Amino acid sequence: DVAQTIKARLPEVTVLHGDGTDVELLTEYEIGNMDFVAAVTGEDEVNLMGALLARRVGAKRTATVVQRADYIDIHHQLGIQTALSPRQLASDHVLRFVRQKELKSLATLEGGAAQVMEIRALEGARAIGVQVKQMKVPRGAILCGILKGDRVIIPHGESVIDAGDTVIALATARAR
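Basis of the calculations
- Residues numbered from 1 in each chain as written.
- Predicted model: local features only at pLDDT ≥ 70, side-chain atom pairs only at ≥ 80, totals over all residues.
- Heavy atoms only, no water.
- Helix = DSSP H or I, 4+ residues; strand = E, 2+ residues; numbered from the N terminus.
- Buried < 20%, exposed > 50% of the residue type's maximum accessible area, 1.4 Å probe, protein only.
- Areas by Shrake-Rupley, 256 points an atom, 1.4 Å probe, with all protein chains shown as cover.
- Pairing = 2+ DSSP bridges.
- Axes fitted to C-alpha atoms, helices over the stretch in contact; angles between N-to-C directions.
- Contact = heavy atoms within 4.5 Å.
- Polar contact = N/O pair within 3.5 Å; in protein donor to acceptor, adjacent residues only side chain to side chain.
- Salt bridge = Lys/Arg side-chain N within 4 Å of Asp/Glu carboxyl O.
- Patch = residues over 30% accessible without salt bridge, like charges linked within 9 Å, V, L, I, M, F, W, Y side chains within 5 Å.

> Where do I start with the overall build of the protein in this structure?
Each helix and strand in the protein was counted, giving 5 helices and 8 strands. The secondary structure elements of the protein, listed N-terminal to C-terminal, are α-α-β-α-β-α-β-α-β-β-β-β-β. Across the 176 residues that make up the protein, the buried fraction comes to 26%. Only carbon and sulfur atoms are counted for the fraction: they give 55% of the accessible area of the protein, which is about 11700 Å².

Shown next as structure tokens:
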């Protein structure tokens, strides 16, 4: 039923429902000619094996759904380009909702080891008008960029954030 629903919504996409670890099936459907193969069962090991086999028969890019976020690094080390954890994605969406006024986007890296944040500097924020060198940026965090309209500034000690700017920051899980 899920495969039929996906096919109905995405008619330009080839949707296969079957055992992704069956090499004969992968060969029959010429998986090696596909631009992108996603393994999306509820089992991490099956998804990993399916994606590895798809790569082995020639698929250009692969993705897996990973229930255990601590497996994401293993997937990447084995050459799977995209590994997504539903729990991690849900967590990211909750954080966006909670901080919706300031937080424009949030991406979690390396299974939660770090986060990249895009934060809008609102009028009245403590960082407005303060030089970066005078800010109390938490240990484990770094300001990577300041977007002022269509200009991108790599921050240095003399940089100042103005109301309406967007700040790109990277913070490790240990940032305090």
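The discussion continues.
> Is there a simple way to explain the sheet that holds strand β2 (residues 61-65) in this structure?
Within a sheet, adjacent strands bond to each other through the backbone by hydrogen bonds, running parallel or antiparallel. Strand order in the open sheet formed by 3 strands is β1-β2-β3, and the pairing between neighbours is parallel. The strands lining the two open edges of the sheet, one partner per strand, are β1 (36-39) and β3 (82-84). Taken over all neighbouring pairs, the strand axes of this sheet differ in orientation by 15° on average, direction set aside. Its contacts with the sheet put helix α3 (residues 44-56) on β1 and β2, and the angle it makes with β2 is roughly 175°.

> I'm lost on unusual backbone geometry in this one. Help?
Comment: phi is negative for the bulk of residues other than glycine, and the bulk of peptide bonds are trans. The backbone of Glu30 shows a phi angle near 50°, a positive value even though the residue is not glycine. Assignment of secondary structure puts Glu30 in the loop between α2 (23-28) and β1.

> Before we go on, may I ask you to explain the side chain of Asn47 in this structure?
Its location among the elements puts Asn47 in helix α3. With a relative accessible area of 0%, Asn47 lands in the buried category. Within polar-contact distance, the side chain of Asn47 engages the backbone nitrogen of Thr41 at 2.7 Å. The contact partners of Asn47, leaving out residues within four places of it in the chain, are Ala39, Val40, Thr41, Thr64 and Val65.

> What is the right way to look at the pattern of salt bridges in this model?
Where charged atoms from two side chains of opposite charge come close, those side chains can pair. A full pass over the atoms with the stated rule returns 4 salt bridges. The partner of Lys60 in a salt bridge is Asp35, with the nearest N and O atoms 3.9 Å apart. Of this pair, Lys60 sits in the loop between α3 and β2 while Asp35 sits in the loop between α2 and β1, and the two are 25 residues apart along the sequence. Salt-bridge contacts for Lys133 lead to Glu158; the nearest nitrogen and oxygen are separated by 2.8 Å. Here Lys133, found in the loop between β5 (114-120) and β6 (141-148), pairs with Glu158, found in the loop between β7 (151-153) and β8 (166-172); they are 25 residues apart in sequence, far enough to count as distant. Classification of Glu158 by relative accessible area gives partly exposed; the value is 44%. By sharing partners, the salt bridges in this structure join Lys148, Asp162 and Asp165 into a single network.

> Is there a simple way to explain the environment of Arg68 in this structure?
Relative to the helices and strands, Arg68 resides in the loop between β2 and α4 (72-77). Sequence spacing of Arg68 and Glu43 is 25 residues, and the spatial spacing of their C-alpha atoms is 9.6 Å.

> Quick question: what am I supposed to make of a nonpolar patch on the surface here?
A surface patch of nonpolar side chains, amounting to about 310 Å² of accessible area, comprises Val2, Ile6, Leu10 and Val13. Summarising the element assignment, Val2 is placed in helix α1 (residues 2-9). Taking relative accessible area as the criterion, Val2 reaches 62% and is therefore assigned exposed.

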